[in-house]
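Fold and contact review
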Amino acid sequence: MLRATLKSLLARKLRLTLSALAVVLGVMFVSGAFVLTDTLGRSFDSIFSDAYQGVDVEVTAKPKIEINEAEGEQTNPAFPATTLDQVRAVPGVAETTGLVLADGAVLIGSNGKAVTSFGAPQFGQNWTGESDLVQLREGRGPTTDSEIAINAGLAKAAKVAVGDRVGVLTPYAEKQELTLVGLYGYSGGRDSLGGVNEVMFTTPVAQRSMLGETGTFNSVVVTAADGVTDDRLRDDVAAALGGEYQVKTGAQASADAASGLKAGLEFFNRILLGFAAVALLVGTFLILNTFSIIVAQRTRELALMRAIGASGRQIVGSVVIEAVAVGLIASILGLAAGVGVGALLAWLFGQFAGGLTLAGLGVPAIAVISAFGVGLVITVVAALLPALRAARIPPIAAMQDVATPDRPLTKVTVTGAVVTAAGGTLLGLGLTDNAAGNALAAILGGVLLAFIGVALLTPVISRPVVHLLGSIFAWSVPGRLGRLNSGRNPRRTAITAAALMVGIALVTGVTVVLDSAKSSITGRAEQTIDAQLVISGVQTGPRPPSFDPEVVTRAAELPGVGAVAGFFNDIALIDGNREYVNASTDLAAASRIYHAEATAGTLGTLAPDQVALSESKATDLGKTVGDQLTAQFSRGEPHTYTVTAVVPDDRITGSILLPREAAADFANPKPYLALVQLAPGTDVAAVQPRLDALVADSPEVSVVDRSAYLEQQSGQFDSLLQMIQILLALAIVIAVLGIVNTLALSVLERTRELGLLRAIGLRRAQTMRMVTVEAVVISVFGALLGVLVGSGLGSAVVRALEEDGISELVLPWTQMGVFLGLAALIGVVAAVLPAIRAARINVLGAIAHE
């Protein structure tokens with residue numbers, strides 16, 4: 001039986017190629033994700049190992065608030081320089097070096113524009129001389145307060161050279177014009193560490209510009225005396241300094257620094273695996289359809305085996321062995337392709353990150369295990385149902401028919417209805433926060449069940465819908481034949497269409513949600529913000545672009561300006577809970593711009609110890625006017641504020657609005673946004689150039705009108721949608737392979753029929769048009785299902801998010817029309833090879849075919 005199975009497999013190797021290709025693509029995505037994250041993870045380990053080279057012990061102050069990689073760059077609090085004396089006094093300390101190291105030093109390039117980092121921090125620090133890691137390449141280190149040195153990667157990006165006068169923006173100083181006196185690199189000939197831009201100042205300038213005051217540091221590097229272990233020195237220094245400091249060995253500090261980035265990689269890895277799961281789901285439909293068709297075509301062969309003594313278990317084993325063979329080969333090829341894709345993505349990431357030096361390519365065990373586990377399991381599971389169906393073929397009856405008869409759709413329809421209802425219920429529980437803390441799992445499970453349920457319901461609707469769609473082509477004989485062929489086997493048509501449905505539905509659903517969110521946010525902003533001009537920038541790194549607070553004051557003095565409100569933001573602990581907070585330069589001006597009226601208390605200029613809350617935040621915190629709350633910011637000591645006003649949601653920036661004085665303890669003490677309201681009758685064109693002049697020293701920010709600002713903000717949704725569409729394109733490619741495979745197998749199955757049609761006068765061109773019509777009808781049917789299901793899922797999500805501010809439901813009619821048009825094009829492309837094969841059939845040989 002095994003030899004017969006293997007010979008049968010080799011005889012149909014071309015039929016199984018496309019099914020194997022679907023598994024290859026899915027496995028490639030899975031293994032590639034693990035190879036990518038493993039390579040980048042080891043690269044970051046290497047970077048931080050180098051950065052902490054020569055560091056025996058590191059001392060930092062405990063941060064007031066822990067910041068993760070998604071929220072920004074963790075800045076260690078400043079501490080007095082006298083801390084170095086305490087550390088030096090600890091027995092076993094050979095040397096101490098006080099460091100200033102903080103994000104936010106932005107160099108202005110030779111073109112007058114700020115140099116961005118595209119995600120990596122932009123450090124400002126004090127020059128402490130060369131080391132095994134830092135090596136001067138040209139010039140020298142800064143020795144006066146008007147000098148800086150920068151790393152070679154930043155010099156190339158800014159196109160500056162030693163001797164140039166360059167502008168530098170920092171968190172605690174106005175724009176500075178300094179002389180570039182040195183360029184340095186790193187051991188191994190590297191221009192930067194992980195794409196990080198670095199600007200080195202003298203110690204007083206670094207303290208004043210990056211920490212806000214001289215006589216402070218935010219890190220101490222300690223070298224152990226001979227014979228003293230790092231662990232012992234760490235413990236002794238920690239005991240001497242007390243609980244307000246974090247003391248780590250260099251190895252610990254390196255591992256902790258790398259772990260934050262690895263957490264971000266894990267999140268990225270989950271996203272890639274999610275899209276891989278979608279691709280594999282679509283591939284499952286393809287494999288199921290392929291084996292179903294093959295079993296139907298092998299009815300006589302399998303019946304003959306049963307007739308000569310093969311048991312039902314042997315028949316099942318025969319089909320499963322074929323599936324294992326396909327899955328094994330596909331897993332090997334998919335793993336190889338995944339390694340290549342992972343390496344390519346890692347290289348692209350390194351280039352995007354400014355020349356990240358990658359660790360050697362490795363294939364982690366999880367990539368190999370997942371490749372074979374996923375490939376084999378998906379293939380065998382998808383082939384199991386056709387295998388069980390093959391085992392039930394009665395020998396005599398099957399030998400009398402060319403193919404198995406079509407079965408009633410009652411069971412599959414009832415099952416589909418139950419599964420769809422279960423998916424809808426699970427999705428509803430997840431969207432309404434009734435999933436007992438497992439909202440994400442409930443939503444994903446609900447979507448999966450919804451797709452499976454709709455796929456099971458598809459056969460019952462395929463025949464009438466396909467008949468209706470095919471009527472468009474019924475004006476010709478090939479068109480009528482193509483319409484009949486596409487509807488002759490509802491199950492086959494349904495599975496083929498369902499594969500395309502999944503990708504189209506996900507793209508449509510995400511488009512509905514993002515377009516609705518964009519429209520809701522934009523509409524609400526247009527209704528609530530009465531500002532004609534906005535000062536802001538586009539964030540490309542961990543910190544948003546900011547500008548001098550004096551810009552807000554001077555803008556308010558310009559002729560034609562009615563009101564100006566600047567805003568600062570930070571993460572704070574409010575009564576011990578993490579919250580996003582904002583501070584305003586002028587609450588009275590902000591209330592005029594937002595047309596805000598307090599529902600409790602009064603709106604006016606906030607005193608240094610007062611705070612305004614939105615209605616929803618006041619409810620969440622259980623606060624009302626007169627109540628107090630305690631706030632701990634990124635710097636300084638805790639502050640106590642009294643609630644002085646409660647305003648409707650969306651009538652202030654953020655939900656917790658603090659006085660301007662609070663911003664002094666924010667991680668970034670400069671405003672990131674300013675709203676400018678013009679006096680009645682003032683032309684925007686008359687004021688905007690004056691505002692442009694005020695921010696001339698802040699090239700990161702610009703002055704735009706309200707519509708341009710809203711378009712700039714909503715553009716983030718468009719970028720996210722494009723990324724999702726690119727990742728889901730793989731699922732659509734697999735669905736196209738499914739259509740090609742179904743048509744190719746159908747052409748083979750209908751060999752005799754095609755020969756008879758050719759014999760009675762159907763020309764080759766007409767045969768090709770017939771197959772093309774069949775493909776187009778199936779493709780459009782799948783896209784139509786996807787558009788409907790995606791719109792339904794997207795609408796459900798939008799309705800569930802209504803309380804979170806997404807109040808407008810936007811259906812992307814244009815995109816949905818494009819999807820249907822692309823589906824027709826996909827059908828034409830998918831039909832090319834099967835149509836050519838059908839047209840080339842030898843008429844006499846086809847008539848004699850059994």
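These lines cover the structure that appears in this document, whether it is placed above or below. Just so it is clear, the model here is predicted, and its values are computed rather than measured.

1. Side note on the overall build of the chain
The helix and strand inventory of the chain stands at 25 helices and 24 strands. Reported as C-alpha extents along the three principal axes, the dimensions of the chain are approximately 95 × 75 × 50 Å. Scored against the burial criterion, the 850 residues of the chain give a buried share of 52%. Charge separation in the chain, taken as the distance between the mean sites of 60 positive and 71 negative side-chain charges, equals 21 Å.

2. Some thoughts on the packing of helix α22 (residues 764-800) against helix α24 (residues 832-839)
One can describe the packing of α22 onto α24 by two numbers: an axis separation of 8 Å at closest approach and a directional angle of 145°. At the point where α22 passes α24, the crossing takes the right-handed sense. Here R764, T767, M768, V771 and T772 of α22 come into contact with α24, specifically with P834, A835, I836, A838 and A839. The class makeup of the residues in the contact of α22 with α24 is seven nonpolar, two polar and one charged.

3. What to know about the pattern of salt bridges
When charged atoms on two side chains of opposite charge get close, those side chains can pair. On inspection of all chains with the given rule, the structure shows 14 salt bridges. Residues D231 and R234 are paired through a salt bridge, measuring 3.6 Å at the closest nitrogen-oxygen approach. Taken as a pair, D231 and R234 lie in helix α6 (residues 230-241) at a separation of three residues, close to a single helical turn. Under the relative-accessibility criterion, D231 is labelled partly exposed at 44%. R234 gets classed as buried once you look at its relative accessible area, which sits at 16%. Across the salt bridge formed by D236 and R232, the nearest N and O atoms sit 3.8 Å from each other. Placement of both D236 and R232 in helix α6 is noted, with a separation of four residues, approximately one turn of the helix. According to the relative accessible area criterion, R232 is exposed, its value standing at 52%. When salt bridges that share partners are traced, they join R137, K156 and D191 into one network.

4. Some details on α6
Taking 1.5 Å per residue as the helical rise, α6 with its twelve residues ought to reach 16 Å, and the 16 Å between its terminal C-alpha atoms agrees with that figure. The complete set of buried residues in α6 reads L233, R234, V237 and L241. Across the axial projection of α6, the buried residues extend over an arc of 105°, all falling on one side. The exposed residues of α6 that point more than 90 degrees off its buried face are R232 and A239. Directly beyond the C-terminal end of α6, a positive phi value near 95° is found at G242.

5. A few points about the environment of A94
Considering the arrangement of structural elements, one finds A94 in strand β3 (residues 93-99). C-alpha of A94 to C-alpha of R165: the two residues are 71 residues apart in sequence and 39 Å apart in space.

6. Concerning the pairing of strand β21 (residues 639-647)
Bridging between strand β18 (residues 600-601) and β21 involves two bridges; their strand directions are antiparallel. In the sheet register, G601 faces β21, and the bridge partner there is A645. Pairing of strand β19 (residues 610-614) with β21, which is carried by five bridges, proceeds in the parallel orientation. Across the sheet, residue V611 finds its bridge partner in β21, namely V643. Hairpin geometry of strand β20 (residues 628-632) and β21 is characterised by an intervening segment of six residues between the two adjacent antiparallel strands and by a positive phi of about 75° at G636.

7. Topic: the sheet that holds strand β13 (residues 219-224)
For sheets, the rule is that strands pair by backbone hydrogen bonds, running either parallel or antiparallel. Taken in spatial order, the four strands line up as β3-β13-β1-β14 in an open sheet, and their pairing is antiparallel. Edge strands, defined here as strands with exactly one partner in the open sheet, are β3 and β14 (245-249). Looking at each pair of strands side by side, their axes are set apart by 20° on average, direction ignored. The sheet strands contacting α6 are β1 (57-61), β3, β13 and β14, and the helix crosses β14 at an angle near 170°.

8. A few points about unusual backbone geometry
In this model, K159 sits at a positive phi of 55°, which is unusual for a non-glycine residue. Topologically, K159 is positioned in the loop between α4 (152-158) and β9 (165-170).

9. Observations concerning the nonpolar core
Core analysis: the biggest nonpolar cluster contains 122 residues, and F285, F451, M501 and V502 have the highest contact counts within it. No other element matches the 16 residues that helix α2 (residues 13-51) contributes to this core. When neighbours within four sequence positions are excluded, M501 is seen to be in contact with F451, V454, G782, L785, G786 and V789. Ranked by size, the runner-up nonpolar core spans 40 residues in total, among them A158, V199, A224 and Y245.

10. A few points about a nonpolar patch on the surface
Together, V818, L822, L825, V828 and V829 make up a nonpolar patch on the protein surface, roughly 420 Å² of accessible area in all. Looking at V829, the relative accessible area reads 52%, which means it is exposed.

11. Here we look at α22
With 37 residues, α22 extends 54 Å between its outermost C-alpha atoms, agreeing within 8% with the 54 Å of an ideal straight helix rising 1.5 Å per residue. With 26 of its 37 residues buried, α22 lies for the most part within the structure.

12. A word on the environment of I529
When you line up the elements, I529 lands in the loop between α15 (490-528) and β15 (533-537). The buried category is assigned to I529, whose relative accessible area is 14%. As a C-alpha pair, I529 and V818 span 289 residues in sequence and 35 Å in three-dimensional space. I529 has contacts with I593, Y594, L675 and R706, leaving out every residue within four places of it along the chain.

13. So, the packing of aromatic side chains
Following the criterion strictly, the structure yields five aromatic pairs and no others. Ring centres 5.6 Å apart and planes at 70° place the aromatic pair F79 and Y245 in the edge-to-face group. Of this pair, F79 sits in strand β2 (residues 79-80) while Y245 sits in strand β14, placing them 166 residues apart in sequence. Under the relative-accessibility criterion, F79 is labelled buried at 3%. An angle of 65° between the planes, with centres 5.2 Å apart, marks the rings of F633 and F666 as edge-to-face.

14. A closer look at the packing of α15 against helix α23 (residues 813-830)
Running from N to C, α15 and α23 cross one another at 165°; their axes reach a closest spacing of 10 Å. The angle between α15 and α23 falls in the class roughly antiparallel. Along this stretch, α15 crosses α23, giving a crossing that reads as right-handed. Here I504, V507, T508, T511 and D515 of α15 lie close against α23, whose contacting residues are Q815, M816 and F819.

15. Re the environment of N485
Here N485 shows up in helix α14 (residues 477-487). Among the residues examined, N485 registers a relative accessible area of 6% and is labelled buried. As for N485 and M770, which are separated by 285 residues in sequence, their C-alpha atoms are 8.7 Å apart.

Conventions we followed
Residues numbered from 1 in each chain as written. Predicted model: local features only at pLDDT ≥ 70, side-chain atom pairs only at ≥ 80, totals over all residues. Heavy atoms only, no water. Helix = DSSP H or I, 4+ residues; strand = E, 2+ residues; numbered from the N terminus. Buried < 20%, exposed > 50% of the residue type's maximum accessible area, 1.4 Å probe, protein only. Lys, Arg positive; Asp, Glu negative; His and termini not counted. Charge placed at Lys NZ, Arg CZ, Asp CG, Glu CD. Axes fitted to C-alpha atoms, helices over the stretch in contact; angles between N-to-C directions. Left-handed = near helix turned anticlockwise from the far one by under 90°. Contact = heavy atoms within 4.5 Å. Nonpolar A, V, L, I, M, F, W, Y, C, P; charged D, E, K, R; others polar. Salt bridge = Lys/Arg side-chain N within 4 Å of Asp/Glu carboxyl O. Expected span 1.5 Å × (residues − 1). Arc of directions from axis to C-beta. Pairing = 2+ DSSP bridges. Core = buried A, V, L, I, M, F, W, Y, C linked by side-chain atoms within 4.5 Å. Patch = residues over 30% accessible without salt bridge, like charges linked within 9 Å, V, L, I, M, F, W, Y side chains within 5 Å. Areas by Shrake-Rupley, 256 points an atom, 1.4 Å probe, with all protein chains shown as cover. Phe/Tyr/Trp six-rings, centres within 6.5 Å; stacked < 30°, edge-to-face > 60°. Parallel < 35°, antiparallel > 145°, perpendicular 65-115°, else oblique.

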